[in-house]
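Take a look at the letters that make up each chain.
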Amino acid sequence: MMIKIQLKKEMHTPLGKEWLDLDLNIAKGEFVAFFGESGAGKTTLLRILAGLDQPQEGYIEVDGEIWFDSLHTIDRPTQQRKTGFIFQENNLFPHMTVRENLEYACGDKKDRHHIEEWIAVMGLKGLEDQRPDKISGGQKQRVVLIRALINQPKILLLDEPLSNLDIRSRLNLQDEIIKVYQKTKITTILVSHDLSEVFKLSKKIFVLDHGKIIRSGSPLDVFVNNDLSGKFKFSGEIMEIQKDGVLNILTLSIGNNLTKVVATDEEIEGLSIGSKVIVSAKAFNPLILKANP
Amino acid sequence: MQPLILTFQLALTVTVILFIIGVPLAYWIAFSKNRFKYIVETLVSMPLVLPPTVIGFYLLIVFSPQYFLGHFLQSFFGIRVVFSFTGLVIGSVIFSLPFMVNPIKAGLQSFPLALMEASYCLGKSPWETLRRVILPNIKPALLTGIVMAFAHTIGEFGVVLMIGGNIPGETRLASIAIYNEVEALNYDTAGLYALILVLISFSILLIFYYLNRKSVKIF
């Protein structure tokens, strides 16, 4: 077992005081997600792991090293924990170019030869000498991702890293994150309230509610509601709602694909662009076609 | 010309010293969680409200060879603070302290915490973060501190007269020389000093505001 987390931390939410109370393990090289509404304690957990916040009591062990132990007053400083933390808002250093941002992250000058490789892999060639304010939101988050990885962190912490991006860059970057994860096999903790994102990226999900884990397991175990009996079930996000006669045509983003489904006025009540939905169908005779390789 | 040269020597020395102590002090005030830091903030800002003569008076007492500190400095190190250039520097550093510290403090406080945390997560110490991330991003605040401290030192009168007196070539600054010349009814010399001070001060501030006009707000 690679990461042991036991902690209690008081959180101040709009509803009053609540306790973030966790006791869990994460295996080495796993991609896990914490899913929950804002205020559930997701970001607080990541900040505690990075050493940016301290729990009232707890014990955190990563790879055999004790990062935090309230009983023995051990609190390893952020600098020595070396976590690759990617925040929701872009935080590239504004006075440095893309390359300078990456060079700053290299602990050692000899790590710098990885920069070219990463720039090529992430499709950032030609932007090396640009300042962050001259590149797009998606490109910025790519640079942030490289900057976090180039220092070879023990864990990658992703705090809603894609929530400020438009849908296209978001889908692209989800693919990049999968690519990076497969390339590095780095233990990754994603925090998100986006169902489709959590579904697509992670292998294991912890559902966090008011500071406590209420469910955990594989994405299917966690999200397949028992009161639905459909045979096919996908979670997606509404991209467009078109009125067409008595029906409505919804354009949904499911996984990587955009798809259109019809819906009645009743069904779309309360839904709008950006709403997360679960599409299910009772399939008696589905068509199965061979996919193009 | 001597009083003018002396004035600029003093302003330059004071500004350099203030920058060296001002940045760490402003950093401490901006980020320390010490619950008594408001006391330090109050002390730093005292020169803004006190009459310069009050500060000058206390400095004169404290550093006078008749009393402990002044006596100690003189007998062990041979340093005489009162009525000397050293005295002018000490007095001016204290008197101009808020003009250096307060703009830098404001710059640091408005600096996004997320950028500092990003730097810490990359394994960089607070010192390296300050030097390579924070300071380059708060240049307008640094420039404000430097220019204000420099300009304010040029404009001093009360403190320097109290602690420095009026020794030609040693403590007779331009502002004091003007007062002297007027007392001696040498209006022409006084007018010349005054005009030069006006022109130089105007130029410094003009360049400063011109540069700050061009400085892009990064956040």
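Definitions and cut-offs
- Residues numbered from 1 in each chain as written.
- Chains lettered and ligands numbered in written order.
- Predicted model: local features only at pLDDT ≥ 70, side-chain atom pairs only at ≥ 80, totals over all residues.
- Helix = DSSP H or I, 4+ residues; strand = E, 2+ residues; numbered from the N terminus.
- Buried ≥ 20, exposed ≤ 12 C-beta atoms within 10 Å, placed from the backbone.
- Contact = placed C-beta atoms within 7 Å.
- Pairing = 2+ DSSP bridges.
- Axes fitted to C-alpha atoms, helices over the stretch in contact; angles between N-to-C directions.
- Domains from an automatic or database assignment.
- Nonpolar A, V, L, I, M, F, W, Y, C, P; charged D, E, K, R; others polar.
- Parallel < 35°, antiparallel > 145°, perpendicular 65-115°, else oblique.
- Left-handed = near helix turned anticlockwise from the far one by under 90°.
- pLDDT = per-residue confidence, 0-100.

Trainee: Can you explain the overall build of chain B? Please cite residues and give values.
Mentor: Looking only at helices and strands, chain B has 11 helices and zero strands in total. Secondary structure elements of chain B, listed N to C terminal, follow the sequence α-α-α-α-α-α-α-α-α-α-α. Projected onto its principal axes, the C-alpha coordinates of chain B cover approximately 65 × 45 × 30 Å. Looking at chain B as a whole, 36% of its 219 residues are labelled buried. Sequence separation of at least 24 residues holds for 74% of the intrachain contacts in chain B that already meet a minimum separation of 6.

Trainee: Give a description of helix 10 (residues 174-183) of chain B that names residues and reports values.
Mentor: Burial in helix 10 of chain B covers these residues: B:Ala174, B:Ser175, B:Ile176, B:Ala177 and B:Ile178. Positioned one or two residues after helix 10 of chain B, B:Leu185 has a phi angle of 65°, which is positive.

Trainee: So what about the sheet that holds strand 12 (residues 232-244) of chain A? Which residues, and what values?
Mentor: Residues and elements named next belong to chain A. In spatial order, the strands read 14-13-12-15; together these four strands make up an open sheet with antiparallel pairing. Edge positions in the sheet fall to strand 14 (257-263) and strand 15 (276-281), since each has one partner strand and no second. Taking each pair of neighbouring strands and ignoring which way they run, the sheet shows an average axis angle of 50°. Where strand 12 lies against strand 13 (residues 247-254), seven bridges are found, and the strand directions are antiparallel. Residue pairing across strands places Glu240 opposite Thr251, the latter belonging to strand 13.

Trainee: Describe the pairing of strand 9 (residues 187-192) of chain A, naming the residues involved and giving the relevant values.
Mentor: All names here are of chain A. The element strand 9 is largely enclosed, with a buried count of six among its six residues. Alternating residues of strand 9 divide into Thr187, Ile189 and Val191 and Thr188, Leu190 and Ser192, and every residue in both groups is buried. Examined bridge by bridge, strand 3 (residues 31-35) and strand 9 share five bridges and lie parallel to one another. If you follow Phe35 over to strand 9, its bridge partner there is Ser192. Bridge analysis of strand 8 (residues 155-159) against strand 9 gives five bridges, and the strand direction is parallel.

Trainee: Which residues make up the domain arrangement of chain A, and what values go with them?
Mentor: Residues and elements named next belong to chain A. What the domain assignment reports for chain A is domain 1 (3-223) and domain 2 (232-281). Domain 1 and domain 2 are separated by 30 Å when their C-alpha centres are compared. The partner domain 2 presents nine residues to the seven residues of domain 1 that form the contact. Counting only elements with at least two residues in the side of domain 1 that touches domain 2, the list comes to helix 6 (167-184) and helix 7 (195-201). Broken down by element, the residue count for the side of domain 1 that touches domain 2 peaks at four residues, all from helix 7. By residue class, the composition of the side of domain 1 that touches domain 2 is five nonpolar, one polar and one charged.

Trainee: Which residues make up the packing of helix 1 (residues 2-31) of chain B against helix 5 (residues 85-109) of chain B, and what values do they have?
Mentor: Residue and element names in this part refer to chain B. Two elements in contact, helix 1 and helix 5, have axes whose closest approach is 7 Å; the angle formed by their N-to-C orientations is 45°. As the angle between them shows, helix 1 and helix 5 are arranged oblique. Seen along the crossing, helix 1 lies across helix 5 with a hand that is right-handed. Taken together, the residues that form the contact of helix 1 with helix 5 break down as 19 nonpolar, five polar and one charged.

Trainee: Help me get a handle on the interface of chain A and chain B, residues and values and all.
Mentor: Across the contact, 17 residues belong to chain A and 15 residues belong to chain B. Of all the secondary structure elements, the ones that give two or more residues to the side of chain A that touches chain B are helix 2 (78-81), strand 7 (83-86) and helix 3 (98-105) of chain A. Residue composition of the side of chain A that touches chain B, grouped by class: eight nonpolar, seven polar and two charged.

Trainee: Describe the packing of helix 5 (residues 137-150) of chain A against helix 6 of chain A, and please don't skip the residues or the numbers.
Mentor: Residue and element names in this part refer to chain A. Orientation of helix 5 relative to helix 6, taken along the N-to-C sense of each, is 15°, at an axis distance of 10 Å. Of the possible angle classes, the one that applies to helix 5 and helix 6 is roughly parallel. Relative to helix 6, helix 5 is oriented so that their crossing is right-handed. Contacts from Gly137, Gly138, Gln141, Arg142, Leu145 and Leu149 in helix 5 reach Ser169, Asn172, Leu173, Glu176, Val180 and Thr184 in helix 6. Classifying every residue of the contact of helix 5 with helix 6 gives four nonpolar, six polar and two charged.

Trainee: With reference to specific residues and values, describe the sheet that holds strand 7 of chain A.
Mentor: All names here are of chain A. In space, the six strands of this open sheet follow the order 7-8-9-3-10-11, with mixed pairing throughout. The open sheet has two edge strands with one neighbour each: strand 7 and strand 11 (212-217). Sheet twist, expressed as the mean angle between neighbouring strand axes with direction ignored, is 15°.

Trainee: Give a detailed account of the pairing of strand 14 of chain A, specifying residues and quantitative values.
Mentor: All names here are of chain A. Pairing analysis gives seven bridges linking strand 13 to strand 14, with the strands arranged antiparallel. Considered in strand 14, the bridge of Ser253 is made with Leu258. What sits between the antiparallel neighbours strand 13 and strand 14 is a turn of two residues, in which Gly255 has the positive phi angle 60°.

Trainee: Can you break down the confidence of the model for chain A residue by residue, with the values?
Mentor: Residue and element names in this part refer to chain A. For chain A, the average pLDDT comes to 87, and 94% of its residues sit at 70 or higher. Summarising per-element confidence for chain A, the mean pLDDT is lowest in helix 8 (residues 219-223) (78) and highest in strand 4 (residues 57-62) (95). pLDDT under 50 marks residues 226-230. Its contacts with residues more than four places away, or in other chains, come to five contacts.

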